[in-house]
Amino acid sequence: MKSSYYTNYLAPNVRQRTYEQSLDKHSDFRSHFRVPLIVVDRLRTMFVSRGWITPSRRQRDPYKFRIRCELLIMAALEHLGNRKPFRQFKVVTGLSYSVHKNFTKSFVKHISSNKDEWVNYPSTLDSLKGVMEEYERQFLPGCGGSIDVVHCKWSSCPAGDKVKAKGKEQFTTIAFEVITDNRRRIL
């Protein structure tokens, strides 16, 4: 493997260090991919076990397949988290623009189609009480979640919606609203 992501994060001689350093939310790894390496491992396991990513007919080496999966997932996370263009990934992963573009579309489709596994309201009164107790310990009694909205620039906004989509930023945006619990679990 001749890619900087592999050399810096995934090679056997640096992997354990990456696991440890990626737990720090201010680490270089987290600034690129937004999650610890253990999450990349879990995503790879999930994608492979569910058949969402499979080795090509030429891909016979399981280690190389594992690394390829991790590189694709890391690039998709960096694209989604930092809006890094697909064309820049060839340099850091050794995989082509079209491979990254196609995989990222597939990544988003598969993750969003299974959102119910990760995104849901507390299902029982006891689980809601647990969330509320965490907030109460932080002097927020009665709170059951935190809400935030992020505005992303919407360059291809339809002409008929431009007035509705323009806010204080003075350009068109699309807003995403998220409610999370104290542990950043999306509700």
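Going along each chain's sequence as written, the residues are numbered from 1 onward. Totals for whole chains, interfaces and linings use all residues, but because this is a predicted model, local features are given only for residues with pLDDT of at least 70 and pairs of side-chain atoms are given and counted only at 80 or more. Values reported for side chains reflect all heavy atoms of the structure, with hydrogen atoms and water molecules removed beforehand.

A.B. asks: Would you explain the pattern of salt bridges in this entry?
C.D. replies: A side chain with one charge can pair with a side chain of the opposite charge if their charged atoms come near. Any carboxyl oxygen of Asp or Glu that lies within 4 Å of a side-chain nitrogen of Lys or Arg is treated as forming a salt bridge with it. Tallied over the full model, the rule gives seven salt bridges. Between K164 and D161 there is a salt bridge whose closest N-O contact spans 3.5 Å. Among the residues examined, K164 registers a relative accessible area of 70% and is labelled exposed. D161 sits in the partly exposed class, given a relative accessible area of 27%. Through salt bridges with shared partners, a single ionic network connects R15, D41, R44, R66 and E70. Only protein chains enter the area calculation, which uses a 1.4 Å probe; residues under 20% of their type maximum are buried, those over 50% are exposed, and those in between are partly exposed.

A.B. asks: Explain the confidence of the model for the protein chain here, please?
C.D. replies: Caution is warranted with low-pLDDT regions, since their predicted coordinates should not be read in detail. Per-residue pLDDT for the protein chain has a mean of 87; in total, 99% of the residues score no lower than 70. Considering each helix and strand of the protein chain separately, the mean pLDDT is smallest for helix α9 (residues 162–165), with a value of 82, and largest for helix α4 (residues 37–49), with 94. Along the chain, pLDDT gives the predictor's confidence residue by residue, from 0 to 100. What counts as a helix is a DSSP run of H or I of at least four residues, what counts as a strand is a run of E of at least two, and both are numbered from the N terminus.

A.B. asks: Explain the environment of K2 to me, please; I cannot follow it from the model alone.
C.D. replies: The residue K2 is located in the segment before α1 (4–10) in this model. Of the residues examined, K2 reaches a relative accessible area of 83% and is grouped as exposed. Between the C-alpha atoms of K2 and G94, which are 92 residues apart in sequence, the distance is 6.8 Å.

A.B. asks: What is the right way to look at the nonpolar core in this model?
C.D. replies: One broad trend across soluble globular proteins is that nonpolar side chains are buried collectively. Residues enter a nonpolar core if they are buried and are Ala, Val, Leu, Ile, Met, Phe, Trp, Tyr or Cys, with the set joined through side-chain atoms within 4.5 Å. The biggest cluster of nonpolar side chains holds 32 residues, and the ones touching the most others in it are Y5, L10, V40, M74, L77, F103 and F107. Elements supplying a minimum of two residues to this core: α1, α3 (28–33), α4, α5 (62–82), α6 (89–93) and α7 (97–113). Here Y5 is in contact with L10, F33, L71, M74, E78, K84, F89, V92 and T93, once residues within four sequence places are set aside. Should any heavy atoms of two residues lie within 4.5 Å, those residues are counted as being in contact.

A.B. asks: What should I look at first to understand the packing of α4 against α7 in this one?
C.D. replies: How two helices sit against one another is set out by the angle between their axes and by the gap between those axes. Packing of α4 against α7 brings their axes to within 12 Å, and their N-to-C directions diverge by 85°. Between α4 and α7, the angle falls in the class roughly perpendicular. Residues L43, M46 and F47 of α4 pack against F103, F107, H110 and I111 of α7. The axes are straight lines fitted to the C-alpha atoms, using for helices just the contacting stretch, and the angles between their N-to-C directions are given from 0 to 180°. What sets the label is the angle itself: under 35 degrees gives roughly parallel, over 145 gives roughly antiparallel, 65 to 115 gives roughly perpendicular, and the rest give oblique.

A.B. asks: Would you explain the side chain of T173 in this entry?
C.D. replies: Following the sequence through the fold, T173 ends up in strand β2 (residues 173–180). Pairs of N or O atoms within 3.5 Å make up the polar contacts considered here, provided that, within protein, one atom can donate a hydrogen while the other can accept it, and that residues adjacent in sequence are counted only when both atoms are side-chain atoms. A polar contact is formed between the side chain of T173 and the side chain of H151, at a distance of 3.1 Å. Discounting residues that sit within four places of it in the chain, T173 has contacts with H151, C152, K153, W154 and A165.

A.B. asks: When you look at α7 in this model, what are you seeing that I'm missing?
C.D. replies: Residue pairs three or four apart in sequence face the same way in an α-helix, which turns once every 3.6 residues. Over its 17 residues, α7 extends 24 Å from the first C-alpha to the last, a length consistent with the 24 Å expected when each residue adds 1.5 Å. Those residues of α7 that sit buried are H100, F103, T104, S106, F107 and H110. Buried residues in α7 make contact with α4, α5 and α6. A helix is expected to reach a length of 1.5 Å times the quantity of its residues less one.

A.B. asks: Just to check I follow, could you spell out a nonpolar patch on the surface for this structure?
C.D. replies: Grouping into patches uses exposed residues only, defined as over 30% relative accessible area, and leaves out salt-bridged ones; the cut-off is 9 Å for like charges and 5 Å for nonpolar side chains (Val, Leu, Ile, Met, Phe, Trp, Tyr). Residue exposure ignores everything except the shown protein chains as possible cover, and the areas themselves are Shrake-Rupley values with a 1.4 Å probe. On the surface, W118, V119, V178 and I186 cluster together into a nonpolar patch covering about 280 Å² of accessible area. W118 gets classed as partly exposed once you look at its relative accessible area, which sits at 34%.

A.B. asks: Is there a simple way to think about the side chain of T18 in this case?
C.D. replies: Mapped onto the fold, T18 is located in helix α2 (residues 15–21). The contacts of T18, once residues within four sequence positions are left out, are N8, Y9, F29 and L37.

A.B. asks: Quick question: what am I supposed to make of the environment of C157 here?
C.D. replies: Position of C157 relative to the elements: it lies in the loop between β1 (146–153) and α9. For the pair formed by C157 and D181, sequence separation is 24 residues and the distance between their alpha carbons is 32 Å. Contact partners of C157, with chain neighbours within four places excluded, come to K162, A165 and T172.

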